[in-house]
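Residue-level structural notes
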Amino acid sequence: MLTLAAAASVEIEIRRSRFIAHANRVDNLAETLAFYESVADPSATHNCWAWRLDHQYRFNDDGEPASSAGRPILSAIEGKGLDHVMVVVTRHYGGIKLGVGGLVRAYSGSAARCLDQAGSLDILTRVECSIQAGFGWTGQVYLALEACAAEKLAEQFNDAGIEIRISVAEAKLNDLQTLLQETTRGEATVRAIS
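Here goes a summary of the coordinates provided. (Residues numbered from 1 in each chain as written. Predicted model: local features only at pLDDT ≥ 70, side-chain atom pairs only at ≥ 80, totals over all residues. Heavy atoms only, no water.)

**Some details on the overall build of the protein**
For the protein, the count of helices and strands is 5 helices and 11 strands. For a compact globule of 194 residues, the expected C-alpha radius of gyration is about 16 Å, and the protein comes in at 23 Å, more than 25% above that figure. Taking the principal axes of its C-alpha atoms as reference, the protein extends roughly 75 × 25 × 25 Å. Burial statistics for the protein: of 194 residues in total, 41% are counted as buried. (Helix = DSSP H or I, 4+ residues; strand = E, 2+ residues; numbered from the N terminus. Rg over C-alpha atoms; globule rule 2.2 N^0.38 Å. Buried < 20%, exposed > 50% of the residue type's maximum accessible area, 1.4 Å probe, protein only.)

**Description of the sheet that holds strand 10 (residues 161-169)**
Reading across from one edge, 9-10-8-11 is the order of the 4 strands in this open sheet, with antiparallel pairing throughout. Where the open sheet ends on each side, the last strands, each with one partner, are strand 9 (151-158) and strand 11 (189-192). If you compare each strand with its neighbour and ignore which way they point, the axes differ by 20° on average. Relative to strand 10, strand 8 (residues 126-133) is paired through 8 bridges, and the arrangement is antiparallel. Bridge pairing links E128 to S167 in strand 10. Running at roughly 5° to strand 10, helix 4 (residues 138-147) makes contact with strand 8, strand 9 and strand 10 of the sheet. (Pairing = 2+ DSSP bridges. Axes fitted to C-alpha atoms, helices over the stretch in contact; angles between N-to-C directions. Contact = heavy atoms within 4.5 Å.)

**Some details on the packing of helix 4 against helix 5 (residues 173-183)**
Interaxial distance between helix 4 and helix 5 falls to 10 Å at its minimum, and their mutual angle equals 155°. With respect to helix 5, the element helix 4 is oriented roughly antiparallel. Considering how the two elements wind past one another, helix 4 and helix 5 form a crossing that is right-handed. Facing Q140, V141, A144, L145 and A147 of helix 4, the residues of helix 5 in contact are L176, L179, L180 and T183. Within the contact of helix 4 with helix 5, the residues separate by chemical class into 7 nonpolar, 2 polar and no charged. (Parallel < 35°, antiparallel > 145°, perpendicular 65-115°, else oblique. Left-handed = near helix turned anticlockwise from the far one by under 90°. Nonpolar A, V, L, I, M, F, W, Y, C, P; charged D, E, K, R; others polar.)

**Details of the packing of aromatic side chains**
Inspection of every chain in the model, using the stated rule, returns 3 aromatic pairs. On the basis of an interplanar angle of 15° and a centroid distance of 6.2 Å, the ring pair of F135 and F157 is categorised as stacked. Pair noted here: F135 is in the loop between strand 8 and helix 4 and F157 is in strand 9, with a separation of 22 residues, a long-range link. Classification of F135 as partly exposed rests on a relative accessible area of 48%. (Phe/Tyr/Trp six-rings, centres within 6.5 Å; stacked < 30°, edge-to-face > 60°.)

**Focus on the nonpolar core**
Counting 26 residues, the largest nonpolar core has I73, V87, V89, Y107 and L115 as its most contacted members. Contributing elements (two or more residues each) for this core: strand 2 (8-14), strand 3 (17-25), strand 4 (46-53), helix 2 (70-79), strand 6 (85-92) and helix 3 (99-118). It is helix 3 that provides the largest number of residues to this core, a total of 7 residues. Residues within four places of I73 in sequence aside, it is in contact with C48, W49, A50, V87, V89, Y107 and A111. Core analysis: the second largest hydrophobic core is formed by 17 residues, A133, V141, C148 and V168 among them. (Core = buried A, V, L, I, M, F, W, Y, C linked by side-chain atoms within 4.5 Å.)

**Some thoughts on the pattern of salt bridges**
Side chains that differ in sign of charge can pair as their charged atoms come close. Counted according to the given criterion, the structure contains 7 salt bridges. R18 serves as the salt-bridge partner of E11, at 2.9 Å between the closest nitrogen and oxygen. Since its relative accessible area comes to 48%, E11 is described here as partly exposed. For the salt bridge of K152 with E155, the shortest nitrogen-to-oxygen distance reads 3.6 Å. (Salt bridge = Lys/Arg side-chain N within 4 Å of Asp/Glu carboxyl O.)

**Brief notes about the sheet that holds strand 4**
The strand order 2-3-6-4-5 describes an open sheet built from 5 strands, whose pairing is antiparallel. One side of each edge strand has no neighbouring strand; the edge strands of this open sheet are strand 2 and strand 5 (56-60). Ignoring strand direction, the axes of neighbouring strands in this sheet form an average angle of 15°. Where strand 4 meets strand 6, 7 bridges bridge the pair, whose relative direction is antiparallel. Within strand 6, the residue paired with C48 across the bridge is V89. Along the sheet face, helix 1 (residues 29-39) touches strand 3, strand 4, strand 5 and strand 6 and points at about 25° away from the line of strand 6. This element, helix 2, spans strand 4, strand 5 and strand 6 of the sheet and lies at about 35° to strand 4.

What follows is the structure, encoded as structure tokens:
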């Protein structure tokens, strides 16, 4: 899954209308609203936007003809294969009507140019797990966590040994399970936390 490497802004002029695109990474719905409020210009003619967050997406034409602004912005996001991204394109009307086709090209083009400027990076899907092991296997468990770049979230000792709550990249989960199976002779258990 790809997301933006950095926030970006681009300004282009098309037939005397100024289109200012802002793109940023967002990780939850509250961040989408905060980003919109930080870049939207109340004095502009239109502040159109689109965002994609996991399997959810939304877009808004802000008074432009239906599907001539928000949908093309979303198409630019999807065309680049990005996720956890929001783009806001602000239009200052220049006095010349662009037509629906012109609006689609202007909004999608400014969004795509902004996304290109921001660059992209791969984000890893992480899962939370609980590991239970006897006291004698604590060292092997810590080494396995380090080898698989797992992040320790919590740790507690009980009568049975140690229980560690971790976050690990989904792609590394099988490696972690195999490594723990081999180094603890099957005595450490890994359980996914839903």
